[in-house]
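# An overview of the molecular structure
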Amino acid sequence: MIKCLGKSVFGGIAVGRIKIIQKSLKEIKYVKTDNTDAEISRFNHARDRAIRELQKLYEKALKEVGEQNASIFHIHQMMLNDVDYTNSVEGILRNQGATAEFAVAVTRDNFYNMFSSMSDDYMKSRAADVKDVSERVIRILCHAETSIMDSKIPSIIVADDLAPSEAVQLDKDMVLAFVTVHGSSNSHTAILARTMNIPAIIGADIPLDGSINGKMAIVDGYNGVIYIEPDSRLANEMQLKQEEDLFKKRLLLKLKGKDTVTSDGKKIKLYANIGDTKDLTLVIDNDAEGIGLFRSEFIYLRKNSFPTEEEQFEIYKTVAEKLSGKQVIIRTLDIGADKQADYFHLDKEENPALGLRAIRICLTNQEIFKTQLRALYKASAFGQIAIMYPLITSVEEIKEIKKISEEVKKELDEKGISYNRDIKEGIMIETPAAALISDKLAKEVDFFSIGTNDLSQYTMAIDRQNSKADRFYTPYHLAVLRMIKMVVDNAHKNGIRAGVCGEMGADLNITETLLKIGVDELSVSPSMILPLRDKILKTDTSNIELQYDL
Ligand code: PEP
Ligand code: MG
């Protein structure tokens, strides 16, 4: 038995045969040609076909994994239409008398190197995209196979890396799990794996030389371990775990429609985190009691220019109406740091997580903020919308926000446009500054939602994007837990509620502590709603012995 380790991207157990995906692109050699016009025309035809294929992939992904995840195929189409990219190919064709496949390969390598050397993480991750899209064109030019999946037997897919376009081509019924040697947890492929509910491991130290192809293996997505040719004892153990998993999932369906109450009678609001209207089906299927965090910046990230007030209004209205009167907390634009959109023309910063992001951008560019607020207030007439502001650090910021929102409301009043005058407005507590002055902030707002992802990053001084610092990250750091307690206490003293919408809210190992602290709401990814409800129903808060010195 061989045991290989990697990093878990999505949990679950898969048992089956390994299928190694080798990319079979021929090495592209320089061949001189005199017929440059014919090569330009070959390139144009191949590029047009690639764009059509990408459109089909976009439509497929849209149905299966939602607009947010599908948008990568629009980005790929844009890359193939990019003037710098096409000029580069044509320049090589004209100046070097090369073939179309050679010109695309050289352009691929040049752009790949250029993007990889950029310090901005978002731009860096475009390197894989430009490679992916160029190889699609080369495959068409070389008449190579475009599909990476020819398997008729469900298999464990093992690859060096999987580009988003490859991940989405995988026929879900034929994929038991996927394992890659490279990749990062924030890549589009990792996000797609989570959305597809497929156990996935990245950064695996697994041999790709063909020696393991077809061999039986077990992927333990929970622990990031792959066992090749497992012994019968381990195979039995994992098979039991897998059956238990399925059984538990089926049992959890019985919790649909039930109230989320601890065994000692404390009602907890169990909400879902979403980033797209496409996620609403998951919200409803998993019986979330509302939406605790709609990351509105994804609306901006999917576009190439600012979304208009009308576009935003339609989205917010749809969410409010689909939730039929249930709470929908929409967070205002949290762009900046790792979430970048070119058309914002943000300056490159040394420390983007500490720079102009989230509410700071909105307070700096107030027209962007006002457009969003107008759309939100207008949509509030159609359901139970609440507004939440990210990355707050001071009372002054809240006063400034209130001044701007009053101006927006006055404008709506003057135009006779209706909105919910009792709309609730809250803030995210995701900076140590906000936590430490939460007594003062609580007097200014209707609710708190604790963003443990950023609160942990800023408290422990650990970049959440940087896996190299993983070893210094303490999951339940006492400083973070103490701040959560301080925030909840200050909220309650001032008669407002406090929830958790960061990833810690979905961590079943800390649920009891959060409930004991007195958290009123938990907002998690839709697939975690029922496991969390189960955990809460079984918890007696009067009997919890705290393990931490809070
Ligand atoms: C958080 O910081 O915990 C949070 C929920 O916001 P995001 O992950 O979008 O930064
Ligand atoms: Mg945050």
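Placed above this text is the structure.
For the structure given in this document, a descriptive report is provided here. (Residues numbered from 1 in each chain as written. Chains lettered and ligands numbered in written order. Predicted model: local features only at pLDDT ≥ 70, side-chain atom pairs only at ≥ 80, totals over all residues. Heavy atoms only, no water.)

## A word on the overall build of the protein chain
Looking only at helices and strands, the protein chain features 19 helices and 16 strands. In terms of overall dimensions, the protein chain has C-alpha extents of about 80 × 65 × 40 Å along its principal axes. Taken across its 550 residues, the protein chain has 53% of its residues classed as buried. For the protein chain, the share of sequence-separated contacts (at least 6 apart) that also reach a separation of at least 24 residues comes to 69%. Roughly 25,000 Å² of accessible area belongs to the protein chain as shown, and the carbon and sulfur atoms make up 50% of that amount. For the protein chain, the distance from the average position of its 73 positive side-chain charges to the average position of its 82 negative side-chain charges is 2 Å. (Helix = DSSP H or I, 4+ residues; strand = E, 2+ residues; numbered from the N terminus. Buried < 20%, exposed > 50% of the residue type's maximum accessible area, 1.4 Å probe, protein only. Contact = heavy atoms within 4.5 Å. Areas by Shrake-Rupley, 256 points an atom, 1.4 Å probe, with all protein chains shown as cover. Lys, Arg positive; Asp, Glu negative; His and termini not counted. Charge placed at Lys NZ, Arg CZ, Asp CG, Glu CD.)

## Examining the side chain of S88
Relative to the helices and strands, S88 resides in helix α2 (residues 83-96). Beyond its immediate sequence surroundings of up to four residues, S88 is in contact with T107 and F111.

## Re the environment of E229
Relative to the assigned elements, E229 resides in the loop between β8 (225-228) and α7 (232-252). You can call E229 partly exposed: its relative accessible area is 45%. Contacts of E229, omitting those with residues within four sequence positions, involve M1, K215 and M216.

## Some thoughts on the environment of K339
On the secondary structure map, K339 appears in the loop between β11 (327-331) and α11 (359-364). Taking the relative accessible area as the measure of exposure, K339 reaches 14% and is therefore buried. Considering only alpha carbons, one finds K339 and Y300, 39 residues apart in sequence, at a separation of 9.8 Å. Excluding residues that lie within four positions of it along the chain, K339 makes contacts with E297, L301, R331 and D334.

## Looking at the coordination of the magnesium ion (ligand 2)
E430 (OE) and D454 (OD) make up the full set of protein donors to the magnesium ion (ligand 2), lying at 2.0 to 2.2 Å. Of this pair, E430 sits in the loop between β13 (424-429) and α14 (432-436) while D454 sits in helix α16 (residues 452-460); the two residues are 24 residues apart in sequence, bridging distant segments of the chain. An identical accessibility class is assigned to E430 and D454; each is buried. (Donors = N, O, S within 2.8 Å, 3.2 Å for Na, K, Ca; no water.)

## Focus on helix α3 (residues 100-116)
The end-to-end C-alpha distance of α3, which contains 17 residues, comes to 24 Å, matching closely the 24 Å that a straight helix rising 1.5 Å per residue would cover. Residues A100, E101, F102, A103, V104, A105, T107, R108, F111 and F115 constitute the buried set of α3. (Expected span 1.5 Å × (residues − 1).)

## As for the sheet that holds strand β9 (residues 269-274)
The sheet built from eight strands closes into a barrel, its strands ordered β9-β10-β11-β12-β13-β14-β15-β16 with parallel pairing. The sheet shows a mean angle of 25 degrees between the axes of neighbouring strands, direction not considered. Here β9 pairs with strand β16 (residues 521-524) via four bridges, running parallel. Across the sheet, Y271 pairs through a bridge with S523, a residue of β16. Running at roughly 155 degrees to strand β12 (residues 384-389), helix α12 (residues 366-379) makes contact with β11, β12 and β13 of the sheet. Along the sheet, helix α17 (residues 478-493) contacts β13, β14 (447-450) and β15 (497-500); its crossing angle with β14, the most-contacted strand, is approximately 170 degrees. (Pairing = 2+ DSSP bridges. Axes fitted to C-alpha atoms, helices over the stretch in contact; angles between N-to-C directions.)

## Quick word on the packing of α12 against helix α13 (residues 395-414)
Following both chains from N to C, one finds α12 and α13 inclined at 60 degrees, their axes separated by 10 Å at the closest point. One finds that α12 runs oblique with respect to α13. Relative to α13, the crossing made by α12 is right-handed. Contacts between α12 and α13 involve Q366, F369, K370, L373, R374, Y377 and K378 from the first element and E400, I401, I404, S405, E407, V408, K409, E411 and L412 from the second. Residues that form the contact of α12 with α13 fall into these classes: seven nonpolar, two polar and seven charged. (Parallel < 35°, antiparallel > 145°, perpendicular 65-115°, else oblique. Left-handed = near helix turned anticlockwise from the far one by under 90°. Nonpolar A, V, L, I, M, F, W, Y, C, P; charged D, E, K, R; others polar.)

## Notes on the site of ligand 1
Surveying the vicinity of ligand 1 reveals 15 residues, the closest of which are R295, R331, G451, N453 and R464. Here an oxygen atom of ligand 1 and a side-chain polar atom of R331 are 2.8 Å apart. Contact distances for ligand 1 include 3.0 Å between an oxygen atom and a side-chain N or O atom of D454. Burial of ligand 1 by the surrounding chains reaches 99%, relative to a free accessible area of 290 Å². (Near = heavy atom within 4 Å. Polar contact = N/O pair within 3.5 Å; in protein donor to acceptor, adjacent residues only side chain to side chain.)

## Some details on the side chain of R374
Looking at the secondary structure, you find R374 in helix α12. Within the structure, the side chain of R374 is placed 3.2 Å from the side chain of E411, a separation counted as a polar contact. For R374, the residues in contact, after removing those within four places along its chain, are E309, V408, E411 and L412.

## Some remarks on the sheet that holds β8
Pairing within the open sheet is mixed, and its eight strands lie in the order β1-β8-β7-β3-β4-β5-β6-β2. A strand with exactly one partner marks an edge of an open sheet, and here the two such strands are β1 (2-5) and β2 (7-10). Along the sheet, successive strands turn relative to each other by an average axial angle of 30 degrees, direction set aside. In this sheet, strand β7 (residues 216-220) lies alongside strand β3 (residues 13-21) in antiparallel orientation, the contact comprising five bridges. Paired with G16 across the strands is A217, a residue of β7. Each of β3, β7 and β8 is contacted by α7, which is oriented at about 110 degrees to β3, the strand it contacts most.

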